[in-house]
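# Report on the structure
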Amino acid sequence: MEDVFTIANKNFNSRLIVGTGKYKSFEETAKAVKASGADIVTVAVRRVNILDKDQPLLMDYLDPKSITYLPNTAGCYSSKEALRTLRLAREMGGWRLVKLEVLGDKKTLYPNMIETIKSTEVLVKEGFEVMVYCTDDPIMTKKLEDVGACAIMPLGAPIGSGMGIQNKTNITLIKEQSSVPVIVDAGVGTASDATIAMELGCDGVLLNTAIAEAKNPILMAESMKYAVISGRKAFKAGRMKKRSFGSASSPQNNLI
Amino acid sequence: MNNLNVAKIQLNGDPYEINNGTNLNELLNTLKIKKNKVAIEVNGEIVEKNKYPNLILNKGDKVEIVKFIGGG
């Protein structure tokens, strides 16, 4: 049976969502996205450069008709800025599925949960489907679900840190109590981190820097694709119990 | 010469001169920007695409034109 990934009543094949920032060029972005197999990419909203009108556009390299654009609010430090950004994103092409990210601190890029919850509430009322970047605090994620978030996206570690899943216990708690998809967003540094997130039972992984800053981003993108598939299959298969001592794999009787 | 046919607006944070009576569609044409790839705010209010031809810009208007770029 197919293992479909559903967010806000939309089905996706890949459980990997990738960011499109920090790449050397749009060519490289497009190649990495293709290699990752992702169906959803996050994008940011910024001013058009009036003086350099011939600048290439992301949309010329990644067609929003064939891949789902997930507009984000990266760089926003208040509810007001985040709402403005997502309303503009919706006007650009009718996007209702969005990623909300309201930061609280420039050094750690840690989310401001008070502003995040407030913004989620407003956006849901305005008809947005909101995937929310948040802390790995089960009380906060429950609150987000209560105000209508369509996906809970706790950080594994700070954005761009590549430190992997720092609090597996909390991620597991959040997954167990949530009735909407749980996606680890931020902190993944290499393939095994993505696999761990999926083995914990998460529904998906969102990452950017781990691919963009790899020595070979396209190869890392492909690696992430398999890491997520592998972790998901391991979770579904159900891992063996851990033992404190050895347990021989070959039969112990009829030894010669 | 003080050109009465020209109005100064703020475009993406910088001063910009337009001809009096310019609407948003005309501004985009002058800038060679395709309207299906951007969103526009005038004085803090988002303008729906179908209203571009009717929205005539005035002196001092603050116009923001945004697009999607790569992001995480």
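Our structure is the block above this text.
This brings us to unusual backbone geometry. All names here are of chain A. A positive phi angle, close to 45°, is found at alanine 8, a residue other than glycine. The topology assignment puts alanine 8 in the loop between strand 1 (5–7) and strand 2 (10–12). Backbone geometry at lysine 22 places phi at a positive 70°, although glycine is not the residue there. Within the secondary structure layout, lysine 22 lies in the loop between strand 3 (16–19) and helix 1 (26–36).

Once that is clear, we can look at the interface of chain A and chain B. With 30 residues of chain A in contact, the opposing surface of chain B contributes 25 residues. With both sides pooled, the region where chain A packs onto chain B buries about 2600 Å², and carbon together with sulfur makes up 64% of that total. Broken down residue by residue, the surface that chain A buries against chain B is led by Arg47, Glu91 and Met92 of chain A, which jointly contribute 26%. At the boundary of chain A with chain B, the tally comes to three salt bridges. A salt bridge links glutamate 41 of chain B to arginine 84 of chain A, with the shortest nitrogen-to-oxygen separation between them at 2.5 Å. For the side of chain A that touches chain B, the secondary-structure elements that each account for two or more residues are strand 4 (40–47), helix 2 (58–61), strand 5 (68–71) and helix 3 (79–93) of chain A. Pairing geometry for strand 4 of chain A and strand 5 (residues 62–70) of chain B, over five bridges, is antiparallel. If you follow alanine 44 of chain A over to strand 5 of chain B, its bridge partner there is isoleucine 69 of chain B.

Glancing now at the pairing of strand 5 of chain B. Along any regular strand, the residues point their side chains to alternate faces of the sheet. Residues and elements named next belong to chain B. Sheet topology places strand 1 (residues 6–11) next to strand 5; two bridges connect them, and they run parallel. Of the residues in strand 5, the one forming a bridge with glutamine 10 is lysine 62. Of the pairings in the sheet, the one linking strand 3 (residues 39–42) to strand 5 comprises four bridges and is antiparallel in character. Note that in strand 5 the partner of glutamate 41 across the bridge is glutamate 64.

Analysis parameters
Residues numbered from 1 in each chain as written. Chains lettered and ligands numbered in written order. Predicted model: local features only at pLDDT ≥ 70, side-chain atom pairs only at ≥ 80, totals over all residues. Heavy atoms only, no water. Helix = DSSP H or I, 4+ residues; strand = E, 2+ residues; numbered from the N terminus. Contact = heavy atoms within 4.5 Å. Buried area = accessible area lost by both parts, 1.4 Å probe. Salt bridge = Lys/Arg side-chain N within 4 Å of Asp/Glu carboxyl O. Pairing = 2+ DSSP bridges.

Keep in mind these values describe shape, not function.
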